[in-house]
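Each chain, written out:
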Amino acid sequence: MNSLRILDIAHPPMRADDAEKVLDELLRSMKKSAGTRVLKIIHGYGKSGRGGTLKETVLNWSYRNKRRIRGVIAGEQYSVHNKLTQEMRRVCGQVFDSDLEAANPGVTIIWVV
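Keep in mind it's a predicted model, so treat the numbers as computed, not measured.

Caption draft 1: Layout of the pairing of strand β1 (residues 3-8). Where β1 lies against strand β2 (residues 36-42), six bridges are found, and the strand directions are parallel. Bridge pairing in β2 places Leu-7 opposite Ile-41. As a crossover connection, the stretch from β1 through helix α1 (residues 16-32) into β2 is right-handed.

Structure (structure tokens):
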């Protein structure tokens, strides 16, 4: 990836509406950027271990912005065996990312158009 942008909204945890505002601003700036096309969002996975409010916020926000996003990869599916991950890494470049192959439910990868 030319540039992998990382946004941590879990440490300390943001309120859902604040997280959406930050995501909106970041998406606007990434679309203007020549190189940054991949955003890794650290949202944590909640007390239950199944995904908390911030994960739901990120997924809902992604759905509402689907015309501006090329793909969304759940951390659990972020693998070299996933077709979307393969395509994204082919197009954007392949840099080291510790969450690749980690099946981390606390992150979501967003591929920006």
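Caption draft 2: Seen up close, the nonpolar core. Judged by nonpolar contacts, the single largest core of 15 residues is most densely connected at Leu-7, Ile-9, Leu-23, Leu-39, Ile-41 and Ile-110. Elements with a contribution of two residues or more to this core: α1, β2, α2 (53-64) and β4 (107-112). Sequence-distant contacts of Ile-41, defined by excluding residues within four places in its chain, comprise Leu-7, Ile-9, Leu-23, Val-58, Gly-106, Val-107, Thr-108 and Ile-110. Within the second largest apolar cluster, eight residues are counted, among which are Ile-73, Tyr-78, Met-88 and Ile-109.

Caption draft 3: Geometry of α1. With 17 residues, α1 extends 25 Å between its outermost C-alpha atoms, agreeing within 8% with the 24 Å of an ideal straight helix rising 1.5 Å per residue. For α1, every residue scored as buried is listed here: Ala-19, Leu-23, Leu-26, Leu-27 and Met-30. Down the axis, α1 shows its buried residues gathered within 105 degrees of arc, on one side only. Where the residues of α1 are buried, they touch β1, β2, α2 and β4.

Caption draft 4: Structural view of the pattern of salt bridges. All chains considered together, the criterion is met by seven salt bridges. With its nearest N and O atoms 2.8 Å apart, the salt bridge here joins Asp-99 to Lys-40. In this pair, Asp-99 sits in the loop between α3 (83-92) and β4 while Lys-40 sits in strand β2, placing the two residues 59 residues apart along the sequence. Each member of the pair, Asp-99 as well as Lys-40, carries the same accessibility label: buried. Salt bridges linked by common partners bring Arg-15, Asp-17 and Asp-18 together as one network.

Caption draft 5: Region of the structure containing the packing of α1 against α2. Look at α1 against α2: their axes get within 10 Å of each other, and the N-to-C directions meet at 40 degrees. By the criterion of interaxial angle, the relationship of α1 to α2 is oblique. Considering only the axes of α1 and α2, their crossing is right-handed. On the side of α1, the interface is formed by Ala-16, Ala-19, Glu-20, Leu-23, Asp-24 and Leu-27, while α2 contributes Thr-53, Leu-54, Thr-57, Val-58, Trp-61 and Arg-64. When the residues that make up the contact of α1 with α2 are grouped by side-chain class, the tally is seven nonpolar, two polar and three charged.

Caption draft 6: Spotlight on the sheet that holds β2. One open sheet holds the four strands; their spatial order is β1-β2-β4-β3, and the pairing between them is mixed. At either margin of the open sheet sits one strand with a lone partner, and together these are β1 and β3 (69-74). Averaged over all pairs of adjacent strands, the angle between strand axes in this sheet comes to 20 degrees, irrespective of strand direction. Two elements, β3 and β4, share five bridges in a ladder whose sense is antiparallel. Bridge pairing in β4 links Ile-73 to Ile-109. In the packing of α1 onto the sheet, contacts are made with β1, β2 and β4, and the angle to β2 comes to roughly 160 degrees. Contacting β2, β3 and β4, α3 crosses the sheet at an angle of about 125 degrees to β3.

Criteria and thresholds
- Residues numbered from 1 in each chain as written.
- Predicted model: local features only at pLDDT ≥ 70, side-chain atom pairs only at ≥ 80, totals over all residues.
- Heavy atoms only, no water.
- Pairing = 2+ DSSP bridges.
- Helix = DSSP H or I, 4+ residues; strand = E, 2+ residues; numbered from the N terminus.
- Right-handed = clockwise from strand over helix to strand, strands pointing away.
- Core = buried A, V, L, I, M, F, W, Y, C linked by side-chain atoms within 4.5 Å.
- Buried < 20%, exposed > 50% of the residue type's maximum accessible area, 1.4 Å probe, protein only.
- Contact = heavy atoms within 4.5 Å.
- Expected span 1.5 Å × (residues − 1).
- Arc of directions from axis to C-beta.
- Salt bridge = Lys/Arg side-chain N within 4 Å of Asp/Glu carboxyl O.
- Axes fitted to C-alpha atoms, helices over the stretch in contact; angles between N-to-C directions.
- Parallel < 35°, antiparallel > 145°, perpendicular 65-115°, else oblique.
- Left-handed = near helix turned anticlockwise from the far one by under 90°.
- Nonpolar A, V, L, I, M, F, W, Y, C, P; charged D, E, K, R; others polar.

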